[in-house]
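One letter stands for each residue in the lines below.
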Amino acid sequence: MDAKLRIEELVKLLNDANYNYFVLDNPTITDQEYDKYLRELINLEEKYPEYAQVDSPSKRVGGEVIDKFNKITHKIPMLSLGNVFNEDEVRDFDARIRKAGINPEYVCELKIDGLSVSLIYEHGILKSGATRGDGVVGEDITHNVKTIKAIPLKINRDIDIEVRGEIYMDKETLTKLNRERELEGLPLLQNVRNAAAGSVRQLDSKIAAKRNLNNWIYHLPNPLDYGIDKHMDALSFMKDLGFKVNSNNRLVKNIDEVIDFINEYTEKRDSIPYEIDGIVIKVNDIHEQQELGFTAKYPKWATAYKFIASEVLTKLTDIIFTVGRTGKITPNAVLEPVLVAGSTVARATLHNEDFVNSLGLMIGDVVSIHKAGDVIPEVTGTKKERRTGVEKPFQMISECPICGTKLIKKEGQVDHYCPNQNCPARGIEALIHFASRDAMNIDGLGDEIIEDFFNEGFLTKITDFYHLKEHEDDILVLEGFGRKSFDNMLTALENSKHNSLEKLLFGLGIPGIGSKTAKLLAEYFGNIDNLMHASVEELLSIKDIGDILAENIYNYFRNNQNLIYELKMLDINMNYLGVKKKTNEFITGKKFVMTGAISFMSRDEIKALIEEYSGTFSESVSKKTDVVIVGENPGSKYDKAKELGITIWNEEMFKNIIDKL
Ligand code: IVH
C-alpha cells in the first residue's frame, strides 16, 4: 500500500482508538494492538517525514523540550470563581441573581481539583495550551498539553476556537506514581493538584507524557460566536467536537435542585475516580450571564460550592478583641497552633458576639477548625464533652480595648463599634488602609512602620503622611530606618500625589466604598469637586450605587470638607486620569504593525486608537513587534510575522478586543 495512505489510515485508526479509550472510556482495541500500530506509524513517519500529519498520535509520546515557558496573553481574561460554603450561601447566590430580575436555570458541574487550561485550535488543529497564570497572562504549556490523550490534537470541525477546562490527575494515577517514587527514594507528591500542576510545568514533555494526565473541558469563552446561547448547549457542542465533557453535568430548574445535586455528590464524592473539591453552579442562559456580568475578580453568574475540606481539633486558649478602621470590634480566637489543609493556624476570626455565643464557646475549650482550600480558617464548633471544669465563659467587652470608650451596638445589628472617631486603633487601621497598594500605594510604608510612626506621634491622620519629611531627624534615629529607606519613602509619597482619583477615593475609607466603586465614581465624576457637589439623587442614578452607599458618600463629603481641602493644598491629584491615559492589557505597552485592510476602521483610526491606549504603531515587522493586525489582502508583513512567530490578530479578534474597550 501507498505509504501516504497507510499513514493517514493509521493516524485515523489510532486517534479513534484514543478517543474511544480516553474520552469515551470505552476501549475498542487492546493495548498491544495500539502499540503495534503506533510503532508502524512511527517507522513510516521516519521514512516519509513529508507525509507526517499534524494530528499524528506519535506527537503524544513527548520529546519536545523547551528552554523556558513563554507567556501567552489570554484573549479573554481567565477568571476564577467566588466561593460559597453552605446551603444558605448557595441560596444567597441565587437571591442576588433573582434580585437582578433573572429567574435562572442552572447547570451544576463537578469542581475538578486540578489546574485550568486554555486550549486554542485553529482550523480545527490544536495550536496552543496555556495555564491561567494571573488570569491575564499565562504560560505556554503546549508541548505538555499535546501529551494528554484526552485532549484532541484535531477536532471534528475545521474551525478556530478556544475552549477551557481542567487538567488533572486521577486518584489512582497519583497512588501509582507515589508508589514508584517511594521505590526510587523520591519525595512523594502531596495531592492530585500539585501533581498535575508540577507535571505541566516541566520543560521536558517526556515527563508530562509519563504522568498520565487527564482533562475535562467545561467552558466555551465565546459561545455566541458559534450561535450558542445556553451553557448546556456549549457543553454538548464541545463534546461533539471531540472534547472530554463530564457526563455528570446537569441542567436544573431552580436552586432547590442545585442543593439536591450538591447533596448527591457530597455522598458520591469518594467513589469518583478523580478528586473533586466542590460543585460549580452556572447560570445556563448566556444572555443572562452577560446581563449579570462580573465583579472585579469573579463572574456574578457562577460560583463554586466548596466541600468542607478538613476539620481538626485544637485548644482555644483565649479570645482577644481588635478594632477595625470603621471602629468595628472583632473577637478573635487565639488557638494552639495546628496544621489545617496545609498551613498552620493560630488565629481565627470569631466575627462578633452572636457568633461566639451561637457556638457556645468557652475559653479553654477544645474546638474544631475547618479550612476549605486556600480559604480563611473558621472555628466551627466546640467539644463540650471534653471540658474539664477549668474553662472560662466568654464575656463580650463593653469598652474599647484601645481607648476605653464605651462601645455601641446599633439596634438590629450584631456588631459592636467604638464610636470614638479619634480612637488610636481606628486611626492606625485607617492609615494602613490609606497607604495600601490598592489605595495610595505608598511603597516602603508597611503596617509596622505606620504603627511605629503612629506611636511616635509622626502620623495621626492621613494628611500627616505628606509632612513626614518634617520629622526627618527623629525618623532617621529610629531602629531599622536608614537614609536610603527614608529617601525611598519620600519618593513613594511624592509619586502617590499623582495617582488617579480612584486610588484616593478608595484610600479615604468611605464606608462601603471598595476599589471597584471608587473607580466607578472617579470615572463618572472625573474630579473630586463634581463628586463632592453631587446630590444623593445623582449618586443614586449611577448603576451599582444603592441607597446606603449614596447616603454614605454624601455624608462623608459633608463631614470631611476640611480634610479634602487640606489634601488639595498638599498637591494631591484629585482628577481621574483614566481618560487621558487609557490602558488596556492587550494594547498598552505593546508594539503593533498592521497589514491589509480592516473593514470597519481606517489605518489612521487604528493607529490613533492604539496610541490612545499607549501602544506603539510601526511600519515594519521585527522581532520586537508584539502583534500584527492582519486584514483583507495582507502583504509580506504577514509572512514575516508568521515566520517570526509573532501574535497575529485577524479582523474578528481585533474587533473582539476593541469592542471591549
Ligand atoms: S468554570 C468563568 N467549571 O475552579 C468560568 N471551573 O475556583 C470559570 N474548576 O479556575 C471556571 N472545575 O480551574 C469551572 N466545572 C468547572 C470547574 C472549574 C474546576 C476550577 C477552575 C477555576 C477554579 C475556580
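Scroll up a little and you will see the structure.
Every value quoted in this text rests on a predicted model; they were computed, and no experiment measured them. Here, residues in each chain are numbered from 1, in the same order as that chain's written sequence. Reporting in this predicted model follows two pLDDT cut-offs: at least 70 for local features of residues, and 80 or more for side-chain atom pairs to be given and counted; totals over whole chains, interfaces and linings ignore these cut-offs and use all residues. Side-chain metrics in this entry use all non-hydrogen atoms of the structure; hydrogen atoms and water are not considered.

Draft legend 1. Structural view of the overall build of the protein. Secondary structure elements follow DSSP: runs of H or I no shorter than four residues count as helices, runs of E no shorter than two count as strands, and numbering proceeds from the N terminus. When helices and strands are counted, the protein shows 24 helices and 22 strands. By its C-alpha atoms, the protein is 95 × 75 × 55 Å across when sized along the principal axes. The Shrake-Rupley method, run with a 1.4 Å probe sphere, supplies the accessible areas, and residue values consider only the shown protein chains as cover. Accessible area of the protein: about 34100 Å², with a carbon and sulfur share of 48%. Here the protein carries 83 positive and 104 negative side-chain charges, and the mean point of each set is 2 Å from the other. Neither His nor the chain ends contribute to the count of charged residues, in which Lys and Arg are positive and Asp and Glu negative. In plain terms, the charge of a residue is placed at NZ if it is Lys, CZ if Arg, CG if Asp and CD if Glu.

Draft legend 2. Layout of the sheet that holds strand 11 (residues 302-306). For two strands to count as paired, DSSP must find a minimum of two bridges between them. Here we have five strands laid out as an open sheet, ordered 2-11-10-3-9, and mixed in their pairing. Every other strand in the sheet has two partners, leaving strand 2 (83-84) and strand 9 (250-252) as the edge strands with one partner each. Only heavy atoms matter for contacts: two residues are in contact if any of them lie within 4.5 Å across the pair. Each axis is a line fitted through C-alpha atoms, and for a helix only the stretch in contact is used; angles between axes span 0 to 180 degrees, taken between their N-to-C directions. The sheet strands contacting helix 8 (residues 231-241) are strand 3 (106-112), strand 9 and strand 10 (276-283), and the helix crosses strand 3 at an angle near 55 degrees.

Draft legend 3. The arrangement of the sheet that holds strand 4 (residues 115-122) in detail. Reading across the sheet, the four strands line up as 5-4-7-8 and stay open at both edges, with antiparallel pairing between neighbours. Unpaired on one side and paired on the other, strand 5 (125-131) and strand 8 (214-219) mark the two borders of the sheet. The average undirected angle you get between the axes of adjacent strands in this sheet is 35 degrees. Taken together, the seven bridges between strand 4 and strand 7 (residues 161-168) define a ladder with antiparallel strand orientation. Residue pairing across strands places Ile120 opposite Glu162, the latter belonging to strand 7.

Draft legend 4. Representation of the site of the ligand in the model. One heavy atom within 4 Å of a molecule or strand makes the whole residue count as near it. As a matter of local geometry, the ligand sits amid 14 residues, with Glu109, Ile112, Glu166, Tyr218 and Lys282 nearest to it. Residues adjacent in sequence count toward polar contacts only when both atoms are side-chain atoms; beyond that, a polar contact is any pair of N or O atoms within 3.5 Å, and within protein one must be able to donate a hydrogen and the other to accept it. Between an oxygen atom of the ligand and a side-chain N or O atom of Lys111, the distance comes to 3.2 Å. Within the side chain of Ser116, a nitrogen or oxygen atom sits 3.4 Å from an oxygen atom of the ligand. The set of elements that each furnish at least two residues to the shell around the ligand consists of strand 3 and strand 10. Ranked by residue count, the leading element in the shell around the ligand is strand 3, at four residues. Here the shell around the ligand is built from residues that sort into eight nonpolar, two polar and four charged. Note on residue categories: nonpolar means Ala, Val, Leu, Ile, Met, Phe, Trp, Tyr, Cys or Pro, charged means Asp, Glu, Lys or Arg, and polar means any other residue, Gly included.

Draft legend 5. A look at the packing of aromatic side chains. Stacked, edge-to-face and tilted labels apply to pairs of Phe, Tyr and Trp rings (six-membered ring for Trp) whose centres lie within 6.5 Å, assigned for plane angles under 30 degrees, over 60, and everything in between, in that order. Per the stated rule, a full pass over the model turns up 19 aromatic pairs. Between Tyr121 and Phe243, the aromatic rings sit 5.3 Å apart at their centres with planes inclined by 80 degrees, giving edge-to-face as the arrangement. Of this pair, Tyr121 sits in strand 4 while Phe243 sits in the loop between helix 8 and strand 9, and the two are 122 residues apart along the sequence. Note on classification: 1.4 Å probe, protein chains only; a residue is buried when its accessible area is under 20% of the maximum for its type, exposed when over 50%, partly exposed between these limits. On the basis of relative accessibility, which here comes to 1%, the residue Tyr121 falls in the buried class. Ring centres of Tyr305 and Phe307 lie 6.0 Å apart, and the angle between their planes is 80 degrees; this geometry places the pair in the edge-to-face category. Ring-pair connections join several aromatic residues into one group, and the members of that group are Tyr168, Trp216 and Tyr274. Directly above the ring of Tyr37 sits Lys36, whose terminal nitrogen or CZ lies 4.9 Å from the centroid. One Lys or Arg, Lys244, reaches over the ring of Trp216 and ends 4.2 Å from the middle of that ring. The criterion is that NZ of a Lys, or CZ of an Arg, lies within 6 Å of the ring centre and within 35 degrees of the ring normal, and then a charge sits over that ring.

The analysis is restricted to geometry; functional conclusions fall outside its scope.
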